[in-house]
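Descriptive analysis of the structure
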Amino acid sequence: MTDVGAMAAVVIGRNEGVGLDLSLKSVRAAGLPLVYADSGSNDGSPGRAKELGVPIVELDPRRPFSAARGRNEGLAEVLRRWPEVRYIMFLDGDCVLDPVFPTAAIRTFDENADCAIVVGHLAERFPDASIYNRLCAIEWRSPPGRIHNMNALGGIMAVRISAFQAVGRFNEDAIAGEEPDLGVRLALAGFAIIKVDQPMATHDARIFTFSQWWTRAVRAGHALAHRYARHGRTRLRDGRRELLSDLFWGAALLVLVLALLWPTRGFSLLLLGGYAVLGWRVYRHYVRTGLSRSDALLAARFVVAGKFAHVVGILRYGRNRMRGRFHIIEYK
């Protein structure tokens, strides 16, 4: 049983259905006190939490919902109830926590005074339910060790509360990508992020259509643009390489092909072969990391397609920034 004086948990959700029961019960099984933060669910999720006796924070709908806001407000309630807690486990309502992970995380914190975040291996619960779930399973793969590329940081994490508060908590203006944003701020402040070789949680993506996958990729592009706007000019140059890659492959190359179409009498179409080259490079990278050839081919196809969705998200971020309004992009 984990020392409840050391760690508590915040589970966030919006219309998670029966999966929320599994998530909340898994935290209880790990021995952690917890709070559930709900972002305007209309499927009875708050009622499910109440039946399990879990304290609830229902976010005020007069302000835009976001995962960042749910985690921040959930932590505030945790500290109100259990002010002695030193670490917080953030979990999404579509995830089931491994009961051993909190103990491993606390041990890692105790052994590494500079460590602000501990993560472990995240597994997709139903990777064969759709090719999109399979893509998520591939996305979660990364080696253990100290994390320097913040793209590897997701919302399931154990956090040292003092470090979290020192850098200003999650950025509530971010509709997505608030986790890498937090990671960059922690790194700039001298903190470390460590992935341990330990199962952390299982995740249920529930992505069954191309439109869901596309919307999720658009959201990722929006998040990338927001990260670059905040940290692209710091010493970490967060998001710079990814943003330039998306803009080149998702927009600039197509514009160049079309601009040269008439002057070259159609020969500019040969430049489209660059997408095959990109796909081959991605395929080789995944094979070298131990992925099967079939999964590597699947990932390569969607990495290339994702460039175009990311550009849509980048443009949407620019529009939203000019308007001064940001709203969550939902794909479920």
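Just above sits the structure.
On a predicted model such as this, the values are computed, not experimentally measured, just so you know.

Cut-offs used in this document
- Residues numbered from 1 in each chain as written.
- Predicted model: local features only at pLDDT ≥ 70, side-chain atom pairs only at ≥ 80, totals over all residues.
- Heavy atoms only, no water.
- Helix = DSSP H or I, 4+ residues; strand = E, 2+ residues; numbered from the N terminus.
- Rg over C-alpha atoms; globule rule 2.2 N^0.38 Å.
- Buried < 20%, exposed > 50% of the residue type's maximum accessible area, 1.4 Å probe, protein only.
- Contact = heavy atoms within 4.5 Å.
- Areas by Shrake-Rupley, 256 points an atom, 1.4 Å probe, with all protein chains shown as cover.
- Lys, Arg positive; Asp, Glu negative; His and termini not counted.
- Charge placed at Lys NZ, Arg CZ, Asp CG, Glu CD.
- Axes fitted to C-alpha atoms, helices over the stretch in contact; angles between N-to-C directions.
- Parallel < 35°, antiparallel > 145°, perpendicular 65-115°, else oblique.
- Left-handed = near helix turned anticlockwise from the far one by under 90°.
- Nonpolar A, V, L, I, M, F, W, Y, C, P; charged D, E, K, R; others polar.
- Pairing = 2+ DSSP bridges.

Quick notes on the overall build of the protein
Along the protein, the regular secondary structure elements total eleven helices and nine strands. Taking 332 residues into account, the globule formula puts the C-alpha radius of gyration at 20 Å, and the protein, at 21 Å, falls close to it. Within the span of the protein, comprising 332 residues, buried residues form 52% of the whole. Taking all contacts inside the protein whose residues are at least 6 apart in sequence as the whole, residues at least 24 apart take part in 75%. Within the structure as shown, the protein displays about 15,700 Å² of accessible surface, and the carbon and sulfur contribution to it stands at 57%. Charged side chains in the protein number 44 positive and 32 negative. The centres of these two groups are separated by 8 Å.

Side note on the packing of helix H8 (residues 210–231) against helix H11 (residues 293–323)
One way to put it is that H8 packs onto H11 with a least axis distance of 6 Å and a crossing angle of 55°. In terms of their interaxial angle, H8 and H11 are classed as oblique. H11 is crossed by H8, and the crossing has right-handed handedness. Looking at side-chain class alone, the contact of H8 with H11 contains 15 nonpolar, seven polar and two charged residues.

Some details on the pairing of strand S6 (residues 115–124)
In summary, the side chains of a regular strand alternate between the two faces of the sheet. The buried count for S6 comes to eight of ten residues, which makes it a mostly enclosed element. Two elements, S6 and strand S9 (residues 192–203), share eight bridges in a ladder whose sense is parallel. Residue pairing in the sheet places Val119 in a bridge with Lys195 of S9. Pairing of S6 with strand S8 (residues 157–160) involves two bridges; the strand directions are antiparallel. Counted as the bridge partner of Ile117 is Val159 from S8.

Observations regarding the packing of helix H5 (residues 131–139) against H8
Between two packed helices, the angle of one axis relative to the other and the distance separating the axes together describe the packing. In the contact formed by H5 and H8, the axes pass within 10 Å of each other and the chain directions differ by 35°. When H5 is examined against H8, the residues Tyr132, Leu135, Cys136 and Glu139 are found in contact with a partner set consisting of Phe210, Trp213 and Arg216.

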